[in-house]
Amino acid sequence: MTAIERRRTDILVLGSGGAGLLGALHAKQGNPSLTVTVAVKGLLGKSGCTRMVQGGYNVALAAEDSAERHFMDTLDGGKWLNDQDLAWTLVTVAQTRIRELENRWGCFFDRNPDGTIHQKAFAGQTFDRTVHKGDLTGIEIINRLAEQTWARGIERMEEHRALALLPSRDASRLAGVLLLDIRTGSLILVQAKAVLLATGGGPTMYTYHTPSGDKSCDGMAMALRAGLKLRDMEMVQFHPTGVLAGPGTRMTGTIIEEGLRGAGGHLLNGAGERFMHRYDPRGERATRDIVSRSMYREMLAGRAGPEGGLYIEMGHLGPANVRRGFKGMVERCADMGFDLAAGRVPVVPTAHYMIGGVVFAPDGSTALSCLFAVGEATGGVHAANCLGGNGVANSTVFGGIAGDTMAAWVPRHGAIEDPDPAALDAALALAHAPFARRPAPLPPIRDALHALMWEKAGILRDAAGLAEAARGLEALEAELDHTGVDGASRAFNLAWGDWLNLRSLLLVSRVIVAAATAREESRGAHWR
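(A) Summary view of helix H2 (residues 67-77). The set of residues buried in H2 consists of Ala67, His70, Phe71, Asp73, Thr74, Leu75 and Gly77. Summarising the contacts, the buried residues of H2 are in contact with strand E3 (57-58), helix H3 (84-103) and helix H10 (390-413). Trailing H2 by a residue or two, Lys79 shows a phi angle of about 55°, which is positive.

Okay, structure coming up:
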């Protein structure tokens, strides 16, 4: 067995989005004697997809609304494939979690004139129930949770990426996690009595995608390698309105939030015509899967604009109203040279959210003892389609529940175990593999992956295209296997990080294609 640095902690949390930080805070509050450590690929409070949430948080608060109504909207959006215990937990616990975010952790959401929490319209729902902080809700949540994490003695391993979930010698439980210290290039084994997988998703295998490039479905890939079951993996959500800012900027694909359509924004084709009512009577307020498919069909029919996409227009609502209600979005679009308040912004459907993921129970537990999982890395809550605003609710609801579960579980069942030596050696060999091969550029592999998944396993699918995608992914994996990176310096080795990202993305892409091939019907986000 290779000698590497070893650390121990009672609870190891992988990820620092809403799911990971609520999990860590609840675990520490539930049992202050436990050591809780958060490992994050970037910097705590500055990374993770929750920080990028613009729109808001779905929860039934108004007297005219109810958890039952929210539940039915969630099941209808998920095309009745949801795990209903998970969906019911989401809508009921959200009602207390939103108060907890304000009263315990310090978040503050927008108010009505009478002081009650303001809730705005989001697509696919029968009531306006989306709580928000302007159009920068995620920043408010993560800033406050990060402050609380720093203040409560929770240990941090920043710029550490998880590489492998390692079973115990007898394979009866999870023993720990192999991590890469990005700052030094060294590998570290962290042994823990419980691990929370809260790594999020990040469908960055598509040409247009909303998450930053460091999001690469690592948690799902690690779970697959550890033998865990995933569900609903054919269900990849495409957000209808990703900015089309041009090929030379990473801003292309970043979203213009759903609240704009909820407020009455219009989608236009290249001829300046509204088109959504030809596809759905709800128009622009239909669910994300329907709007994205409708937009893609307009583009395939040759009705796109000169930029290759379509447009969103808000000026008819009054430029001053748009600037006041969507300040963050107006400023972001202005940075890219577009006038959201009075003009038109070119948009394209963009891969946004991994609806499927690791199978888990309502208390956060999984089939592997000592491993808990929550958030976008898991499946079952949303099933065939995630309603806008349900994603961040999912993360915070189940993150808190898992923290409570672990705080009670560790004293009774937790133990520090040594990992299986063969599993550890295999994980080390995979991590070091690119240094044994001749260095070659990785962007061509990434670009080929983007094009393959976008064209053959994207918004509209068919059997022939999926078969071609499967063959293409096999070829790209073989190419990556023969591609190395320069190991002269392993500290902040960006090429190594890109290689590891591609390794995860290719594996998860294969699962998406396999699941899409198996589901021959059209259902929710999966259309063939």
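(B) Representation of the packing of aromatic side chains. Using the criterion set out here, one finds nine aromatic pairs in the structure. Judged by centre distance (5.1 Å) and plane angle (80°), the rings of Tyr206 and Phe238 are edge-to-face. Of the two residues, Tyr206 is situated in the loop between strand E9 (186-197) and helix H5 (218-225) and Phe238 in strand E11 (residues 236-243); the sequence distance between them amounts to 32 residues. Neither Tyr206 nor Phe238 differs from the other in exposure class; each is buried. Aromatic side chains Phe238 and Trp454 sit 6.0 Å apart centroid to centroid with 65° between the ring planes, which places their arrangement in the edge-to-face category. Within this pair, whereas Phe238 is found in strand E11, its partner Trp454 is found in helix H12 (residues 443-456), the two being separated by 216 residues in sequence. Lying over the aromatic face of Phe435, Arg490 brings its terminal NZ or CZ to 3.8 Å of the ring centre.

(C) Examining the pattern of salt bridges more closely. Applying the stated rule across the entire model yields 33 salt bridges. A salt bridge links Arg288 to Glu258, with the nearest nitrogen and oxygen atoms 2.3 Å apart. Taken together, the residues Arg288 in helix H7 (residues 288-300) and Glu258 in the loop between E11 and helix H6 (259-262) connect sequence positions 30 residues apart. Each member of the pair, Arg288 together with Glu258, is buried. The residue Glu313 makes a salt bridge to Arg344 at a minimum N-O spacing of 3.0 Å. Here Arg344 lies in strand E14 (residues 344-354) and Glu313 lies in strand E13 (residues 310-313), a separation of 31 residues in the sequence.

(D) Just the sheet that holds E11, in detail. The sheet built from four strands is open, its strands ordered E11-E14-E13-E12 with antiparallel pairing. The outermost strands of the open sheet, each flanked by one partner alone, are E11 and strand E12 (266-268). In this sheet, adjacent strand axes meet at a mean angle of 40° when their direction is disregarded. Where E11 meets E14, six bridges bridge the pair, whose relative direction is antiparallel. If you follow Gly242 over to E14, its bridge partner there is Val348.

(E) Region of interest: the environment of Leu267. Along the chain, Leu267 falls in strand E12. Looking at Leu267, the relative accessible area reads 0%, which means it is buried. Along the primary structure Leu267 and Glu307 are separated by 40 residues, whereas in three dimensions their C-alpha atoms are 15 Å apart. Ignoring sequence-local partners within four residues, the contact set of Leu267 consists of Thr241, Arg261, Glu273, Arg274, Phe275, Met276, Glu284, Val291, Met295, Tyr311 and Ile312.

(F) The nonpolar core, seen in detail. Counting residues in hydrophobic clusters, the biggest one holds 127 residues, and the most contacted among them are Leu14, Tyr57 and Leu178. No other element matches helix H14 (residues 494-518), which puts 13 residues into this core. Residues contacting Leu178, with those up to four places away along its chain left out, are Ile4, Arg161, Ala162, Leu163, Ala164, Leu166, Leu187, Ile188, Leu189, Leu424, Ala427 and Leu428. By size, the runner-up hydrophobic cluster in this structure holds 27 residues, among which are Met329, Cys333, Phe338 and Val345.

(G) Fine view of the side chain of Thr350. Summarising the element assignment, Thr350 is placed in strand E14. A polar contact of 3.4 Å, which involves the side chain of Thr350, links it to the backbone oxygen of Tyr208. Reaching out from Thr350, the side chain makes a polar contact with the backbone nitrogen of His209 at a distance of 3.1 Å. Once you skip the residues sitting within four places of it in the chain, Thr350 turns out to touch Tyr208, His209, Thr210, Gln237, Phe238, His239, Gly242, Gly253 and Ile255.

(H) Quick look at the sheet that holds strand E4 (residues 119-120). Read across the open sheet, the three strands follow the order E3-E5-E4; overall the sheet is antiparallel. Each edge of the open sheet is held by one strand with a lone partner, namely E3 and E4.

(I) Structural detail: the packing of H5 against H14. The geometry of H5 relative to H14 is characterised by a closest axis approach of 9 Å and an angle of 70° between their N-to-C directions. Taken together, the axis directions place H5 and H14 in an arrangement best described as roughly perpendicular. Where H5 crosses over H14, the two elements pack in a sense that is left-handed. Between H5 and H14, the contacting residues are Asp218, Met220, Ala221, Leu224 and Arg225 on the first element and Asn501, Arg503, Ser504, Leu507, Val508 and Val511 on the second.

(J) Layout of the state of the cysteines. Summed over all chains, the structure comprises zero disulfides. No disulfide involves Cys49; its sulfur sits 9.3 Å from the nearest other cysteine sulfur, which is in Cys217. Free of any disulfide, Cys333 has its nearest neighbouring cysteine sulfur in Cys49, separated by 20 Å. You can call Cys333 buried: its relative accessible area is 1%.

(K) Focus on the pairing of E9. With respect to burial, E9 is a largely interior element, ten of its twelve residues being buried. As defined by bridge partners, strand E1 (residues 5-14) adjoins E9 across nine bridges and the pair is classed as parallel. Bridged to Glu5 within E9 is Ile188. For strand E8 (residues 174-181) and E9, the ladder comprises six bridges, and the chain directions are antiparallel. From the neighbouring strand, Leu180 faces E9, where its bridge partner is Leu187.

What counts, and at which threshold
- Residues numbered from 1 in each chain as written.
- Predicted model: local features only at pLDDT ≥ 70, side-chain atom pairs only at ≥ 80, totals over all residues.
- Heavy atoms only, no water.
- Buried < 20%, exposed > 50% of the residue type's maximum accessible area, 1.4 Å probe, protein only.
- Helix = DSSP H or I, 4+ residues; strand = E, 2+ residues; numbered from the N terminus.
- Contact = heavy atoms within 4.5 Å.
- Phe/Tyr/Trp six-rings, centres within 6.5 Å; stacked < 30°, edge-to-face > 60°.
- Lys NZ or Arg CZ within 6 Å of the ring centre and 35° of its normal.
- Salt bridge = Lys/Arg side-chain N within 4 Å of Asp/Glu carboxyl O.
- Pairing = 2+ DSSP bridges.
- Axes fitted to C-alpha atoms, helices over the stretch in contact; angles between N-to-C directions.
- Core = buried A, V, L, I, M, F, W, Y, C linked by side-chain atoms within 4.5 Å.
- Polar contact = N/O pair within 3.5 Å; in protein donor to acceptor, adjacent residues only side chain to side chain.
- Parallel < 35°, antiparallel > 145°, perpendicular 65-115°, else oblique.
- Left-handed = near helix turned anticlockwise from the far one by under 90°.
- Disulfide = S-S within 2.5 Å.

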